[in-house]
Amino acid sequence: MRVLTYLLTGGAGFIGSHLTDALLDRGDTVVVLDDLSTGDRGNLARAWPQRGLRFVRGSVLDARLVDELTGRCDVVVHLAAAVGTRLAARPLESFTAGVRGTETVVGAALRHGRRLLLASTSEIYGKNGAGPLAETDDRILGQTTVARWSHSTAKAVDEILALGHHHEHGLPVTVARLFNTAGPRQTPRSGAVVPTFAAQALAGQPLTVHGDGTQRRCLAHVADVVDALLLLLDHPGAVGEVVNVGCGEPTAVADLAGLVVERAGSPSPLRFVPHERGAPGDEDPIRVPDTRKLRALTGWQPRRTLDDLVDAALADAAARTAATSLATPLVAPAGV
């Protein structure tokens, strides 16, 4: 297989940085475009020493920059998106910037004839929780006054833009709908449950469980998700397809919290709190991916267990805590 150059938008983010590492490990060249609004240079610490990495701080809204970088690369992976607190605090900005950014990336990929992998989300399905969700299942959304549905709609527009350019103009695109992903480099500020529980357990704080904790999540280890993305990128049969990527084994949130406490050896209790109005109270009890299409196309199988995922998240949280402690200067007591 010849060496390719990949442009990764959002490549300094949680999933993007792991994909960057995997591509570099197999000998490819990676150009990371990230404005660091939600990404972090620290996520690329393992990649920095490698000659195949080029980092560009910039925005997918910069059409000239995106076009220039796309022209220098063979494949484009569009991962840039608003997440966590930024998404919740500024939903309008996140919606418009997300759609315009995707329009910019799709346009550049079309002009240069580049293969494009678009990272989408299980939020596409909205409130549809009727069994394992296949790529052909309907979307069921809540009110436009709830910010999370603007995110779902923005990602749907992203998909429409990418697939429309495929069907009408021949753009070689694959849409990967990512379900719940967790693992190292995911931080509590993203609002994700696993790093939040990990940080609380290591600090000896109560683990905050919303509602009664019976709502279930299908959590995939980020390394398994990256494996799936690599397989899709390498498979010509994935062009023009929408493919679910995720773990099909649901876990109750309260059980997850208990597992985190157990694996951490923490004395932390569980603290059950009512859902806030609008979010996360609009969450479905469960959203399970049907990954038969991914498996049939690529032969992909998840290789990591939930214990593996939790252990990796705890180790990452411990490393972050240690790094923060070392970076915090000691303050002498008053009068010394």
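Residues numbered from 1 in each chain as written. Predicted model: local features only at pLDDT ≥ 70, side-chain atom pairs only at ≥ 80, totals over all residues. Heavy atoms only, no water.

Undergrad: For the overall build of the protein, give the residues involved together with the corresponding values.
TA: For the protein, the count of helices and strands is ten helices and 13 strands. In terms of principal-axis extent, the alpha carbons of the protein reach across some 65 × 55 × 40 Å. Evaluated residue by residue, the protein yields a buried proportion of 51% over its 336 residues. Put simply, 78% of the contacts in the protein that link residues at least 6 apart link residues at least 24 apart. When the accessible surface of the protein is totalled, it reaches about 15,500 Å², and 54% of it is carbon and sulfur. (Helix = DSSP H or I, 4+ residues; strand = E, 2+ residues; numbered from the N terminus. Buried < 20%, exposed > 50% of the residue type's maximum accessible area, 1.4 Å probe, protein only. Contact = heavy atoms within 4.5 Å. Areas by Shrake-Rupley, 256 points an atom, 1.4 Å probe, with all protein chains shown as cover.)

Undergrad: Tell me what's going on with the pattern of salt bridges, and back it up with residues and numbers.
TA: The final tally for this structure, using the stated rule, is 18 salt bridges. One salt bridge in this structure joins Arg111 and Asp67, with 2.9 Å as the shortest N-O distance. Here Arg111 is found in helix 4 (residues 91-112), whereas its partner Asp67 is found in helix 2 (residues 63-72), with 44 residues between them in sequence. Residue classification places Arg111 among the exposed positions, given a relative accessible area of 56%. (Salt bridge = Lys/Arg side-chain N within 4 Å of Asp/Glu carboxyl O.)

Undergrad: How would you summarise unusual backbone geometry if you had to cite specific residues and measurements?
TA: Both trends apply: most residues other than glycine have a negative phi, and most peptide bonds are in trans. Phi angles above zero are rare outside glycine, and Leu36 is one such case at about 65 degrees. Structurally, Leu36 is set in the loop between strand 2 (29-34) and strand 3 (53-57). In this structure, Arg185 takes a positive phi of about 80 degrees despite not being glycine. Looking at where Arg185 falls in the secondary structure, it is placed in the loop between strand 7 (181-182) and helix 6 (193-202). With a relative accessible area of 16%, Arg185 lands in the buried category.

Undergrad: Please provide a residue-by-residue account of the sheet that holds strand 2, values included.
TA: The parallel open sheet is built from seven strands, whose spatial order is 3-2-1-4-5-6-11. The outermost strands of the open sheet, each flanked by one partner alone, are strand 3 and strand 11 (242-245). In this sheet, adjacent strand axes meet at a mean angle of 20 degrees when their direction is disregarded. When strand 6 (residues 173-178) meets strand 11, the two strands line up parallel, connected through four bridges. Bridge pairing in strand 11 links Leu178 to Val245. Packed onto the sheet, helix 5 (residues 147-169) meets strand 5 (115-121), strand 6 and strand 11 and runs at close to 155 degrees relative to strand 5. Relative to strand 5, helix 7 (residues 222-234) is tilted by about 145 degrees, and along the sheet it contacts strand 1 (5-9), strand 4 (75-78), strand 5, strand 6 and strand 11. (Pairing = 2+ DSSP bridges. Axes fitted to C-alpha atoms, helices over the stretch in contact; angles between N-to-C directions.)

Undergrad: Lay out the layout of surface pockets with the relevant residues and their values.
TA: Each pocket or cavity is described by its volume, and for the second largest pocket that value is around 180 Å³. Lining of the second largest pocket is provided by 16 residues; of these, Leu219, Cys247, Arg304, Thr305 and Leu306 occupy positions nearest its centre. Only strand 9 (216-218), strand 10 (220-221) and helix 10 (306-327) provide two or more residues apiece to the lining of the second largest pocket. (1 Å grid on protein atoms, 1.4 Å probe; cavity = no way out; pocket = protein on both sides within 12 Å on 5 of 7 lines; lining within 4 Å. Points joined across faces, edges and corners; volume = space filled by probe spheres on them.)

Undergrad: Before we move on, could you go through the environment of Asp138 and cite the residues and values that matter?
TA: The topology assignment puts Asp138 in the loop between strand 5 and helix 5. Contacts of Asp138, omitting those with residues within four sequence positions, involve Tyr125 and Asn128.

Undergrad: Give me the side chain of Thr121: which residues, what numbers.
TA: With respect to the helices, strands and loops of the structure, Thr121 is situated in strand 5. Within the structure, the side chain of Thr121 is placed 3.0 Å from the backbone nitrogen of Glu123, a separation counted as a polar contact. With residues near it in sequence (within four places) discarded, Thr121 still touches His151, Lys155, Arg177 and Leu178. (Polar contact = N/O pair within 3.5 Å; in protein donor to acceptor, adjacent residues only side chain to side chain.)

Undergrad: Give a detailed account of the pairing of strand 1, specifying residues and quantitative values.
TA: Within strand 1, five of the five residues are buried, which leaves it mostly tucked inside the rest of the structure. Covered by surrounding structure in strand 1 are Thr5, Leu7 and Thr9 together with Tyr6 and Leu8, the residues of both alternating faces. In this structure, strand 1 lies alongside strand 2, joined through five bridges in parallel fashion. When the sheet's bridge partners are listed, Leu8 is paired in strand 2 with Val32.

Undergrad: Describe the nonpolar core, with residues and values.
TA: Core analysis: the largest hydrophobic core is formed by 39 residues, its most contacted members being Tyr6, Leu19, Val77, Leu178, Leu229, Leu232 and Val245. Among the elements that make up this core, the one with the highest residue count is helix 7 (eight residues). The residues touching Leu19, leaving out its near neighbours within four places in the chain, are Leu8, Val77, Leu79, Val226, Leu229 and Leu230. (Core = buried A, V, L, I, M, F, W, Y, C linked by side-chain atoms within 4.5 Å.)

Undergrad: Outline the packing of aromatic side chains, listing residues and values.
TA: Describing an aromatic ring pair means giving the distance of the ring centres and the angle of the ring planes. Enumeration according to the criterion identifies two aromatic pairs in this entry. Where Tyr125 meets Phe179, the ring centres are 6.0 Å apart and the plane angle is 35 degrees; that geometry is what we call tilted. Separated by 54 residues along the polypeptide, Tyr125 in the loop between strand 5 and helix 5 and Phe179 in the loop between strand 6 and strand 7 bring together distant segments of the chain. For the pair shown, Tyr125 and Phe179 are each scored as buried. (Phe/Tyr/Trp six-rings, centres within 6.5 Å; stacked < 30°, edge-to-face > 60°.)

Undergrad: Any details on the packing of helix 6 against helix 8 (residues 253-264)? Residues and values, ideally.
TA: The contact between helix 6 and helix 8 brings their axes to 9 Å, and the two run at 40 degrees. Taken as axis vectors, helix 6 and helix 8 run oblique relative to one another. Once helix 6 is placed against helix 8, the crossing between them reads as right-handed. Facing Val193, Val194, Phe197, Ala198, Ala201 and Leu202 of helix 6, the residues of helix 8 in contact are Val253, Leu256, Ala257, Val260 and Ala264. Residue composition of the contact of helix 6 with helix 8, by class: eleven nonpolar, no polar and no charged. (Parallel < 35°, antiparallel > 145°, perpendicular 65-115°, else oblique. Left-handed = near helix turned anticlockwise from the far one by under 90°. Nonpolar A, V, L, I, M, F, W, Y, C, P; charged D, E, K, R; others polar.)

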